[in-house]
Amino acid sequence: AQSVTQPDIHITVSEGASLELRCNYSYGATPYLFWYVQSPGQGLQLLLKYFSGDTLVQGIKGFEAEFKRSQSSFNLRKPSVHWSDAAEYFCAVGSRHAGKSTFGDGTTLTVKP
Amino acid sequence: EAGVAQSPRYKIIEKRQSVAFWCNPISGHATLYWYQQILGQGPKLLIQFQNNGVVDDSQLPKDRFSAERLKGVDSTLKIQPAKLEDSAVYLCASSLGGDRSSYEQYFGPGTRLTVT
């Protein structure tokens, strides 16, 4: 069965500082991997996705993520955080056969001025 | 392009009452998903439709939850009777379906259900 672990429940960074959110997955083969962002009262918005190929993927809003098969990880990074990035971030692993995604429990990002 | 629409946005009911949620996916999206998101947790898939057929409902509590997608477009999710533990945000998502590039899911704003 596929699963996702996001080890950090809550992270606080200063505006302008770099950010890394951790994601570890469990899947029997090469997975599809996603990062979503959820602002208060909003649905989830896709930030970026990995299907195959280049292990460093670029997304919207200046985010990137790196797929590391040996570590079963797909960490999200941003070089300089903006106050508007404060939100909840979800990592998800998708089944290649059924289009079904399993989500982690999320990491809440707080940005200090 | 219009996004995924959901209604109502908020609903408060008493336990043992029934409730229904509605979802209108993005036009042309064959796959529709209903998720339950309990506070502090990630979304959990309840049911997945491909057109008007069910692909996966393994985590749907079928004794109280039901869902349908008539004509392969709109969908409704019903809870009858509701329990306190059903308090959550119910998210609808849709995707094109088919090849891998269409596995991207687009989410609606959700319906926040409070059961008292």
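Located above this text is the structure these notes cover.
Here is what the cut-offs are and how they apply
Residue positions are given per chain, counted from 1 along the sequence in the order it is written. Chain A is the first chain written and ligand 1 is the first ligand written, with later ones labelled in order. Residue-level local features of this predicted model are given only where pLDDT is at least 70; pairs of side-chain atoms are given and counted only at 80 or more, and the full residue set underlies all totals for whole chains, interfaces and linings. Just so you know, side-chain values use all the structure's heavy atoms and leave hydrogens and water out. Counting from the N terminus, the helices are the DSSP runs of H or I reaching at least four residues and the strands are the DSSP runs of E reaching at least two. Throughout, radius of gyration means the C-alpha value; the globule benchmark is 2.2 Å times the number of residues raised to the power 0.38. Only protein chains enter the area calculation, which uses a 1.4 Å probe; residues under 20% of their type maximum are buried, those over 50% are exposed, and those in between are partly exposed. Note that accessible areas follow from Shrake-Rupley with a 1.4 Å probe, and for residues the cover is restricted to the protein chains shown. The charged-residue count follows a simple rule in which Lys and Arg add positive charge and Asp and Glu add negative charge, with His and chain termini not counted at all. For charged residues, the charge sits on one atom: NZ in Lys, CZ in Arg, CG in Asp, CD in Glu. Two cysteine sulfurs form a disulfide in these notes if their separation is within 2.5 Å. DSSP-based pairing: two strands are paired if at least 2 bridges between them are found. For helices, the axis comes from a line fit to the C-alpha atoms of the stretch in contact; other axes are also lines fit to C-alpha atoms, and the angle between any two N-to-C directions lies between 0 and 180 degrees. Note on definitions: a residue-residue contact is assigned when non-hydrogen atoms from the two residues lie within 4.5 Å. Summed over both partners, the accessible area lost on bringing two parts together, with a 1.4 Å probe, is the buried area. A side-chain nitrogen of Lys or Arg and a carboxyl oxygen of Asp or Glu constitute a salt bridge if their distance falls within 4 Å.

Thoughts on the overall build of chain A
Along its length, chain A carries 0 helices and 12 strands. When the helices and strands of chain A are placed in sequence order, the string is β-β-β-β-β-β-β-β-β-β-β-β. For 113 residues, the compact-globule estimate of 2.2 N^0.38 gives 13 Å, and the C-alpha radius of gyration of chain A, at 13 Å, lies within 12% of that figure. Taken along its principal axes, the extent of the C-alpha atoms in chain A is 45 × 30 × 20 Å. Across the 113 residues in chain A, those meeting the buried criterion constitute 49%. Of the roughly 5200 Å² of accessible surface on chain A, a fraction of 49% belongs to carbon and sulfur atoms. Across chain A, 10 positive and 9 negative side-chain charges occur, with their mean positions spaced 6 Å apart.

With respect to the state of the cysteines
Scanning all chains against the criterion turns up 2 disulfides over all chains. Cys23 of chain A shares a disulfide with Cys91 of chain A; S-S distance 2.0 Å. Disulfide Cys23 of chain A-Cys91 of chain A: torsion about the S-S bond near -65°, hence left-handed. With a gap of 68 residues between them, Cys23 of chain A in the loop between strand 3 (19-21) and strand 4 (24-26) and Cys91 of chain A in strand 10 (residues 87-94) connect regions that are remote in the sequence. The same class applies to Cys23 of chain A as to Cys91 of chain A, namely buried. The residue that forms a disulfide with Cys23 of chain B is Cys92 of chain B, at a sulfur-sulfur distance of 1.9 Å. Between Cys23 of chain B and Cys92 of chain B the disulfide shows an S-S torsion of about -70°. By sign, it is left-handed. Pair noted here: Cys23 of chain B is in strand 3 (residues 19-24) and Cys92 of chain B is in strand 9 (residues 88-95), with a separation of 69 residues, a long-range link. For the pair Cys23 of chain B and Cys92 of chain B, a shared accessibility class is recorded, and that class is buried.

Structural notes on the sheet that holds strand 3 of chain B
Residues and elements named next belong to chain B. The sheet built from 4 strands is open, its strands ordered 1-3-8-7 with antiparallel pairing. Single-partner strands in this sheet number two, and they are strand 1 (5-7) and strand 7 (65-68). Across the sheet, the mean angle separating the axes of adjacent strands is 15° when strand polarity is ignored. Across 4 bridges, the pairing between strand 7 and strand 8 (residues 75-79) is antiparallel. Across the sheet, the residue bridging to Phe65 is Ile79, located in strand 8.

Observations regarding the interface of chain B and chain A
Listed per partner, the contact involves 21 residues of chain B and 23 residues of chain A. Here chain B packs against chain A, burying approximately 1800 Å² in sum over the two surfaces, 51% of which is carbon and sulfur. The interface formed by chain B and chain A holds 1 salt bridge in total. Between Lys49 of chain A and Glu104 of chain B there is a salt bridge whose closest N-O contact spans 2.9 Å. Residue assignment for the side of chain B that touches chain A shows that the elements contributing at least two residues are strand 4 (31-37) and strand 5 (44-50) of chain B.

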